[in-house]
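# Notes for the structure review
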Amino acid sequence: MKTNSFSVIILSIMAQIATIYSSVLIKLMDMSPLNLGFYSIAFTLPLLWFMMHARRKIFKIPFKDIMFIMFGGIFCALDLFFFNVALHNTSVANVNLFASLTCFILIPIGVFFFKEKFRKNFGIGAIIALVGVIILVGGKGELSVATPFGDFMAFLSVLCYGCFLSAIYSMRQRYGALEITFFSYISACGMLFTLALIFEGFEIPKNLNDFSIIVLIALCGQVIGQGFLNYILGKANTQVSSILLLFTPIIAAFMGFFILGEGLDKSEIIGIGIIIIGIYLARKGLY
């Protein structure tokens, strides 16, 4: 790591708690996925602009790099869309469990594109974790709120999220988290707004309560959750950064159980256990 490991771990846990809390709020919202994704990004832009303008660094990034960051924002938009759809078709625990598997996308990218190395234990751990995912997806009880469709949407979200983090990581070595977050969110916001107009029609919050929840989603999910993670990507390599995401299943299951009353049947618990074992072995393969 490039900074104090304890501080990075604390920031990672805070980011994941905020992100998972926002996912709980999303599940409670009655708004179409593209519109909700648009609002959750749009509400963050004024705050990011104010913070970035105060630092006077907005015009110091070359145009070609801004375009590359905005290209990464496309994957951010797709991630939010699939994430929001998944939350209405599966459990909070499952959505965030899949999100924790980003490491199996991000680490190989780090190896092939950024010349990072890992040991064979990582491959073994990855295979074990994938077996756990198969058991998790195939073991839905009648009382489970999870569905194969929702889990598939969560998987697509993970793919897009991994691509987004990879683009962010390549730029994070040269630019600050605020600048990267701001420009990627501009692109994501524009794409979500366009897709919402085409496929869903533009929606507005029904009342002050809905407006307040959307603001909380934006603050927790985008400003704190993604903002802290973007900061961490500048302080640690792809391997350490992605392994820190593996706190997610435990936090998600805990919050889903106590806030939404989501239970897990025996097969799901076994699947989660196997995934955690695979993740542990993969982590050992990084050092």
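Not measured: the values here are computed from a predicted model.

What counts, and where the lines are drawn
Think of each chain on its own: its residues are numbered from 1, step by step along the sequence as written. The predicted origin of the model limits local features to residues at a pLDDT of at least 70 and limits the giving and counting of side-chain atom pairs to 80 or more, whereas totals for whole chains, interfaces and linings rest on all residues. Side-chain calculation: all heavy atoms of the structure are included, whereas hydrogens and water are not. Helix numbering and strand numbering both begin at the N terminus, where a helix is a DSSP run of H or I of at least 4 residues and a strand a DSSP run of E of at least 2. Three labels apply to residues, based on accessible area from a 1.4 Å probe with only protein chains included: buried if under 20% of the type maximum, exposed if over 50%, partly exposed otherwise in between. Throughout, a contact is declared for two residues whenever any of their heavy atoms are within 4.5 Å. Here the open area of atoms and residues is found with the Shrake-Rupley method and a 1.4 Å probe, where only the protein chains shown may cover a residue. Salt bridges are counted wherever a side-chain nitrogen of Lys or Arg sits within 4 Å of a carboxyl oxygen of Asp or Glu. When two rings of Phe, Tyr or Trp (its six-membered ring) have centres within 6.5 Å they constitute a pair, described as stacked for plane angles under 30 degrees, edge-to-face for angles over 60, and tilted for the intermediate range. Each polar contact in these results corresponds to two N or O atoms within 3.5 Å; when the atoms are within protein, one needs to be able to donate a hydrogen and the other to accept it, and residues that are neighboring in sequence are counted only if both atoms are side-chain atoms. All axes are obtained by fitting lines to C-alpha atoms, using only the stretch in contact for helices, and the reported angles, taken between N-to-C directions, cover 0 to 180 degrees. When an angle is under 35 degrees it counts as roughly parallel; over 145 it counts as roughly antiparallel; between 65 and 115 it counts as roughly perpendicular; any other value is oblique. Helix crossings fall into two classes, left-handed where the near helix is turned counterclockwise from the far one by less than a right angle and right-handed where it is turned clockwise. For this scheme, ten residues count as nonpolar: Ala, Val, Leu, Ile, Met, Phe, Trp, Tyr, Cys and Pro. Four count as charged, namely Asp, Glu, Lys and Arg, and the remainder, Gly too, count as polar. Think of a nonpolar core as a cluster: buried Ala, Val, Leu, Ile, Met, Phe, Trp, Tyr and Cys residues, connected wherever their side-chain atoms sit within 4.5 Å. Every residue is assigned a pLDDT by the predictor, reflecting its confidence on a scale from 0 to 100.

When helices and strands are counted, the protein chain shows 13 helices and zero strands. Secondary structure elements in the protein chain, listed N-terminal to C-terminal, are α-α-α-α-α-α-α-α-α-α-α-α-α. A buried classification covers 54% of the 287 residues belonging to the protein chain. Summarising the internal contacts of the protein chain: among those between residues at least 6 apart in sequence, 91% fall at separations of at least 24. Accessible area for the protein chain stands at about 13,100 Å²; split by element, carbon and sulfur atoms hold 72% of it.

Moving on, we get to the pattern of salt bridges. Close approach of charged atoms allows side chains with opposite charge to pair. One pass over the structure, following the stated rule, counts two salt bridges. One salt bridge in this structure joins Asp-30 and Lys-206, with 3.1 Å as the shortest N-O distance. In this pair, Asp-30 is assigned in the loop between helix H1 (5-28) and helix H2 (33-42) and Lys-206 in the loop between helix H9 (177-199) and helix H10 (208-233), connecting sequence segments 176 residues apart. Given the relative accessible area of 59%, Asp-30 is considered exposed. Given the relative accessible area of 60%, Lys-206 is considered exposed. Among the salt bridges present, the one from Arg-174 reaches Asp-65, with a minimum N-O distance of 3.6 Å.

A few words on H2. Because each turn of an α-helix spans 3.6 residues, side chains separated by three or four positions in sequence point in the same direction. With 10 of 10 residues buried, H2 lies mostly within the body of the structure. The complete set of buried residues in H2 reads Pro-33, Leu-34, Asn-35, Leu-36, Gly-37, Phe-38, Tyr-39, Ser-40, Ile-41 and Ala-42.

So, about the packing of aromatic side chains. Here the distance between the centres and the angle between the planes together describe a pair of aromatic rings. Under the defined criterion, the tally for this structure stands at 11 aromatic pairs. Here the aromatic residues Phe-38, Tyr-39, Phe-43, Phe-193, Phe-202 and Phe-211 are joined through ring pairs into a cluster of three or more.

Below, the discussion takes up the side chain of Ser-32. Relative to the assigned elements, Ser-32 resides in the loop between H1 and H2. Judged by its relative accessible area of 15%, Ser-32 is buried. Side-chain polar atoms of Ser-32 contact the side chain of Asn-35, separated by 3.1 Å. Side chain to side chain, Ser-32 and Glu-203 meet in a polar contact 2.6 Å long.

The subject of this paragraph is the packing of helix H4 (residues 63-87) against H9. Close contact between H4 and H9 brings their axes to 7 Å; oriented N to C, the two are set at 55°. On the basis of their axis angle, the class for H4 and H9 is oblique. Crossing of H4 against H9: the hand is right-handed. In this structure, H4 contributes Ile-66, Ile-69, Met-70, Gly-73, Ile-74, Cys-76, Ala-77, Leu-78 and Leu-80 to the contact, and H9 contributes Ile-180, Phe-183, Ser-184, Tyr-185, Ile-186, Ser-187, Ala-188, Met-191 and Leu-192. Tallied by class, residues from the contact of H4 with H9 come to 15 nonpolar, three polar and no charged.

As a further point, take the environment of Ile-20. Tracing the sequence through the fold places Ile-20 in helix H1. Residues Ile-20 and Ile-217, 197 residues apart in the sequence, show an inter-C-alpha distance of 9.9 Å. If near-sequence neighbours (up to four positions away) are discounted, Ile-20 is found in contact with Val-92, Asn-96, Thr-248, Ile-251, Ala-252 and Met-255.

To continue, consider helix H5 (residues 92-100). Where burial is concerned, most of H5 is hidden: nine out of the nine residues are buried. Looking only at H5, the buried set comprises Val-92, Ala-93, Asn-94, Val-95, Asn-96, Leu-97, Phe-98, Ala-99 and Ser-100.

Right, let's get into the nonpolar core. Grouped together as the largest cluster of nonpolar side chains are 65 residues, with contacts concentrated most on Met-29, Leu-36, Ile-41, Leu-192, Ile-217 and Ile-275. Every residue in contact with Leu-192, bar those within four places of it in the chain, is listed here: Leu-34, Gly-37, Phe-38, Ile-41, Ala-77 and Leu-80.

Our focus in this paragraph is the environment of Ala-196. Its location among the elements puts Ala-196 in helix H9. Taking the C-alpha atoms as reference points, Ala-196 and Pro-33, 163 residues apart in sequence, are found 8.4 Å from one another.

Per-residue confidence for the protein chain averages 79 on the pLDDT scale, and 77% of its residues sit at or above 70. Put simply, helix H11 (residues 238-244) is where the protein chain has its lowest mean pLDDT, 61, and H2 is where it has its highest, 94.

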